[in-house]
Amino acid sequence: MRYRISIRRHKDGAQYVQTYVIDAPPTTTVLDALITIREDLDGSVAFRYACRMGVCGACAVKVNGRPVLACATKLMDLGTQDIFIEPISDKNVIKDLVVDLQK
Ligand code: FES
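Figured I'd write up the structure that's included with this text. Numbering of residues begins from 1 in every chain and follows the order in which that chain's sequence is written. Where totals are concerned, whole chains, interfaces and linings use all residues; where local detail is concerned, this predicted model gives features only for residues with pLDDT of at least 70, and gives and counts side-chain atom pairs only at 80 or more.

Turning our attention to the pairing of strand 5 (residues 82-87). Whether two strands pair depends on DSSP finding at least two bridges between them. The helix and strand labels rest on DSSP assignments: H or I over at least four residues marks a helix, E over at least two residues marks a strand, and numbering proceeds from the N terminus. In this structure, strand 1 (residues 2-11) lies alongside strand 5, joined through four bridges in parallel fashion. From the neighbouring strand, isoleucine 5 faces strand 5, where its bridge partner is isoleucine 83. Two elements, strand 3 (residues 60-63) and strand 5, share three bridges in a ladder whose sense is antiparallel. In the strand pairing of strand 5, valine 61 is matched with proline 87.

Dropping the structure here:
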């Protein structure tokens with residue numbers, strides 16, 4: 001299935017939206033999609049993850065306006081092929097989807 005994935009990016013104090021198109025099975029997670037984008041399309045996209053099991057919370061982002069764990073959210077469960085990914089918080093964004101939640 002073809003997905004249009006838009007990412008709100010933050011870089012050097014500027015914000016912009018960049019859209020990528022990927023073909024992926026519907027069971028693909030949001031984190032898998034981000035990894036595919038970084039490995040195949042744009043190595044500059046920044047995001048965090050660690051456990052990939054829905055435990056650590058490192059991959060938390062907002063998808064289509066809702067807070068989710070990227071590793072525990074399947075594309076097919078979003079009900080759309082247009083996906084908008086933002087940082088989990090607008091505060092303390094370090095780069096793209098990476099947020100410093102310690103501050
Ligand atoms: S990577 Fe740990 S919760 Fe997603």
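More follows now that the structure is in view.
What a helix is expected to span follows from its residue count: subtract one and scale by 1.5 Å. Counted at 1.5 Å a residue, the expected span for helix 1 (residues 30-41) with its twelve residues is 16 Å, and the 15 Å between its end C-alpha atoms agrees. Partly exposed residues are those falling between the two cut-offs: more than 12 but fewer than 20 other C-beta atoms within 10 Å of their own, whereas 20 or more means buried and 12 or fewer means exposed, with C-beta atoms placed from the backbone. Buried within helix 1 are the following residues: Val30, Leu31, Ala33, Leu34 and Ile37. Considered in projection along helix 1, the buried side chains sweep an arc of 165° and stay on one side of the axis. Turned more than 90 degrees off the buried face of helix 1, the exposed positions are Glu39 and Asp40. Of the surrounding secondary structure, the elements contacted by the buried residues of helix 1 are strand 1, strand 2 (14-23), strand 3, strand 4 (66-69) and strand 5. This arc is taken over the directions from the axis of the helix to the C-beta atoms. By the convention adopted here, residues make contact when the C-beta atoms placed from their backbones lie within 7 Å.

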